[in-house]
Structures are given as structure tokens and as C-alpha cells.
Amino acid sequence: MGSRDPQQEQYIHLVRLGWDLRVLGVPTSLVVPATGPPVLELMSTADVRVRVQVTRRACGWAFVWRPWWSVLWRRGEWVWAEADNAADMIVSAVTG
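Residues numbered from 1 in each chain as written. Predicted model: local features only at pLDDT ≥ 70, side-chain atom pairs only at ≥ 80, totals over all residues. Heavy atoms only, no water.

Visitor: Can you walk me through the overall build of the chain in this structure?
Guide: For the chain, the count of helices and strands is two helices and five strands. Mapped from its N terminus to its C terminus, the chain presents α and β elements in the order α-β-β-β-β-β-α. Split into buried and exposed, the 96 residues of the chain put 35% on the buried side. Contacts spanning at least 24 positions in sequence make up 30% of the contacts within the chain whose residues lie at least 6 apart. For the chain, the accessible surface area stands at approximately 6100 Å², while carbon and sulfur atoms represent 55% of it. (Helix = DSSP H or I, 4+ residues; strand = E, 2+ residues; numbered from the N terminus. Buried < 20%, exposed > 50% of the residue type's maximum accessible area, 1.4 Å probe, protein only. Contact = heavy atoms within 4.5 Å. Areas by Shrake-Rupley, 256 points an atom, 1.4 Å probe, with all protein chains shown as cover.)

Visitor: It is not clear to me how a nonpolar patch on the surface should be interpreted in this structure. Could you clarify?
Guide: A surface patch of nonpolar side chains, amounting to about 320 Å² of accessible area, comprises Tyr-11, Val-15, Leu-30 and Val-32. Along the chain, Val-32 turns up in the loop between β1 (28-31) and β2 (39-43). (Patch = residues over 30% accessible without salt bridge, like charges linked within 9 Å, V, L, I, M, F, W, Y side chains within 5 Å. Salt bridge = Lys/Arg side-chain N within 4 Å of Asp/Glu carboxyl O.)

Visitor: Any chance you could explain helix α1 (residues 6-23) here in plain terms?
Guide: Residues spaced three or four apart along an α-helix face the same direction, because each turn holds 3.6 residues. With 18 residues, α1 extends 26 Å between its outermost C-alpha atoms, agreeing within 8% with the 26 Å of an ideal straight helix rising 1.5 Å per residue. All buried positions along α1 are accounted for by Glu-9, Gln-10, His-13, Leu-14, Leu-17, Gly-18 and Leu-21. Taking the backbone nitrogen of Gln-7 as reference, a side-chain oxygen 2.9 Å away marks Asp-5 as the first, capping residue of α1. Positioned one or two residues after α1, Gly-25 has a phi angle of 85°, which is positive. (Expected span 1.5 Å × (residues − 1). Polar contact = N/O pair within 3.5 Å; in protein donor to acceptor, adjacent residues only side chain to side chain.)

Visitor: Can you help me understand the packing of aromatic side chains in this one?
Guide: Each aromatic ring pair is specified by the distance between its two centres and by the angle formed by the two planes. For the coordinates displayed, the defined rule picks out one aromatic pair. Centroid distance Trp-78 to Trp-80: 4.9 Å. Interplanar angle 85°. Geometry classified as edge-to-face. Look at Trp-78 and you get partly exposed, because its relative accessible area is 33%. The ring of Trp-78 has Arg-57 sitting right over it, with the charged end atom 4.5 Å from the ring centre. (Phe/Tyr/Trp six-rings, centres within 6.5 Å; stacked < 30°, edge-to-face > 60°. Lys NZ or Arg CZ within 6 Å of the ring centre and 35° of its normal.)

And the structure:
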């Protein structure tokens with residue numbers, strides 16, 4: 001994804017993920033605040049709102065998620081943004 005602004009790249013990854021989740025029948029909302037990173041929100045089967053962010057790591061971009069009330073990220077709640085099955089993995093983790 002070249003030399004785009006990091007927030008623009010975050011937005012692009014989240015829009016793609018939102019579309020993939022839509023195909024799976026999962027409703028999402030993209031939140032693009034005036035300041036700060038964009039966030040994709042979805043509801044778990046337990047009616048818990050989950051926020052997905054995308055962050056740059058050494059080897060590429062990764063989606064990380066947590067319930068809206070959680071202060072800390074739990075281990076294992078991430079997937080590479082370029083993974084073909086990223087949406088499936090997030091749905092499985094959120095609904096499982």
C-alpha cells in the first residue's frame with residue numbers, strides 16, 4: 001500500500017474488513033474520529049460491542065480487537081490484516 005498516510009492505510013484496511021464482515025452477515029459501524037485512529041465496531045453474539053483497530057507491526061498491519069469496556073488487550077486477539085480469512089477469524093473469536 002505504498003506511501004499513504006498511516007491513518008489513511010488504517011481506514012482502508014478497516015473498510016475492507018467491514019465489507020468482508022458484511023458478506024458474512026455481521027453488521028459493523030466504522031468510526032472515524034476527528035483525532036485518533038479509526039475503529040470498526042461490531043456486536044458479538046452476546047450483544048457486546050467489540051472494537052477492531054488496525055495497527056502497524058514490524059511485519060505489516062494487524063487487526064486487534066477487544067470489548068468496548070476492556071482496558072487491556074488480551075493476548076491472541078489479533079490477526080494479520082492481509083490474511084484472507086481475517087474476517088472469519090474475528091467472527092470466530094468474537095462469537096466463540
